[in-house]
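Inside the fold
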Amino acid sequence: MIILSAQNIAKAFGVNTVLRDVSLTVQQGDRIGLVGVNGCGKSTLSKTILGLHDNYTGEVKVRDGVRPQMVFQDPAGSLNPARTIGWILEEPLRLRGIRDRAERRQLVKEMLENVGLDESFAARHPRELSGGQKQRISIGVALLMDPRLVIADEPVSALDVTVQSQILNLLLKLHAEKQMTILFISHDLNVVRGLCSRVMVIYRGVIVEEGLAEEIYEHPAHPYTKLLLEAAI
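This is a predicted model, so every value here is computed, not measured. (Residues numbered from 1 in each chain as written. Predicted model: local features only at pLDDT ≥ 70, side-chain atom pairs only at ≥ 80, totals over all residues. Heavy atoms only, no water.)

Side note on the side chain of Thr44
What counts is decided by this rule: Under the DSSP-based scheme used, a helix requires at least four consecutive residues in state H or I and a strand at least two consecutive residues in state E, with every element numbered from the N terminus. Relative accessibility thresholds used throughout: buried, under 20% of the residue-type maximum; exposed, over 50%; partly exposed, between the two (1.4 Å probe, protein chains only). Contacts are assigned to residue pairs with any non-hydrogen atoms lying within 4.5 Å of each other.
Structurally, Thr44 can be placed in helix H1 (residues 42–49). Classification of Thr44 by relative accessible area gives buried; the value is 12%. Not counting the four nearest positions on each side in its chain, Thr44 is found in contact with Lys11, Phe13, Val18, Leu19 and His53.

Looking at the pattern of salt bridges
Close approach of charged atoms allows side chains with opposite charge to pair. What counts is decided by this rule: Note on definitions: salt bridges are taken to be side-chain nitrogens of Lys or Arg within 4 Å of carboxyl oxygens of Asp or Glu.
Evaluated as defined, the whole model comprises eleven salt bridges. The salt bridge partner of Glu90 is Arg94, with a shortest N-O separation of 3.5 Å. Of the two residues, Glu90 and Arg94 are both situated in helix H3 (residues 85–95); the distance of four residues between them amounts to about one turn of the helix. One salt bridge in this structure joins Lys173 and Glu177, with 3.3 Å as the shortest N-O distance. Here Lys173 pairs with Glu177, and both are found in helix H6 (residues 161–178), just four residues apart, close to one helical turn.

Points about the sheet that holds strand E4 (residues 57–62)
Which entries qualify depends on this criterion: The pairing criterion for strands is at least two bridges between them, as found by DSSP. Angles run from 0 to 180 degrees between N-to-C directions of axes, and those axes are lines fitted to C-alpha atoms, restricted for helices to the stretch in contact.
Pairing in this open sheet of three strands is antiparallel, and the strands run E2-E1-E4 from one edge to the other. Two strands in the sheet have a free side with no partner beyond their single neighbour: strand E2 (16–27) and E4. Across the sheet, the mean angle from the axis of one strand to that of its neighbour is 15 degrees, orientation sign disregarded. Pairing between strand E1 (residues 2–13) and E2: eight bridges, direction antiparallel. Bridging across to E2, Ser5 finds its partner in Thr25. Contacts between H1 and the sheet are confined to E1, E2 and E4, with E2 contributing the most and set at about 60 degrees to the helix.

As for the layout of surface pockets
Quick reminder of the rule: Put simply, the grid is 1 Å and covers the protein atoms alone, a cavity is a trapped set of points that fit a 1.4 Å probe, a pocket is an open set with protein on both sides within 12 Å along at least five of seven lines, and lining residues have an atom within 4 Å of a point. Grid points are joined across faces, edges and corners, and a volume is the space filled by probe spheres set on the points. Note that Gly is not counted as nonpolar here; it falls among the polar residues with everything else outside the nonpolar set of Ala, Val, Leu, Ile, Met, Phe, Trp, Tyr, Cys and Pro and the charged set of Asp, Glu, Lys and Arg.
Approximately 310 Å³ is the volume attributed to the largest pocket. Along the wall of the largest pocket there are 15 residues; nearest its centre are Gln69, Phe72, Ser78, Val141 and Ala142. Listed by contribution, the elements that provide at least two residues to the lining of the largest pocket are strand E5 (69–71), H3 and helix H5 (131–143). Considering every element that reaches the lining of the largest pocket, the biggest residue donor is H3, with five residues. Looking at side-chain class alone, the lining of the largest pocket contains ten nonpolar, four polar and one charged residues.

Considering the environment of Arg96
When you line up the elements, Arg96 lands in the loop between H3 and helix H4 (101–114). Distance from Arg96 to Pro126, taken between C-alpha atoms, is 23 Å for residues 30 residues apart in sequence. If near-sequence neighbours (up to four positions away) are discounted, Arg96 is found in contact with Leu144, Met145 and Asp146.

Topic: the environment of Tyr224
Counting through the fold element by element, Tyr224 comes out in helix H9 (residues 223–232). Of the residues examined, Tyr224 reaches a relative accessible area of 9% and is grouped as buried. Between the C-alpha atoms of Tyr224 and Val208, which are 16 residues apart in sequence, the distance is 8.2 Å. Contacts of Tyr224, omitting those with residues within four sequence positions, involve Gly36, Val37, Val201, Ile202, Tyr203 and Val208.

Pasting the structure below:
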């Protein structure tokens, strides 16, 4: 079942063309890694899919009833510093129309457990959390919208290796339990290898190679993919 398709997407900022005729198809339950160095167009593509950019050419189609949720690269910037973690996690539940306060609090408690944090975190503020804890909350906020599609834009790039592993294991766990679809954006092929079943390599605004992760890692066809793999060693 196709959950998302983007066809012939082109996007420019002034005279700078960032995306050139990019097409991709995402099936329900996919774990896709979109890989490329900074500035190659991967974040622009994700924001175009989410409707955060206009004035592009091409077509984006999201299956009816699917509301993509974003996990941002900088979780601190997406968490309201004036609010408690409990309030922040309740907000998507309020948006979903869940009016019963006791029900919301129970769902927040369950989500904190799902992301590996205890219920005491509900009373804390973002400034009291580590980078990894903030990222878990950011993931929790996205998941409380009960999404079928999560777009994660460099969600672990600023974290140390141990915390990166925790976050990736969490995403794998939630994927297995909920069969949600993940579009994971990264410049790090080692990180993508631990999470994704399919890989798309983007270079200068063009997807130059795509396929099953193991095939691309073992038998890269494009010179740019080979360079990325060499840099990841």
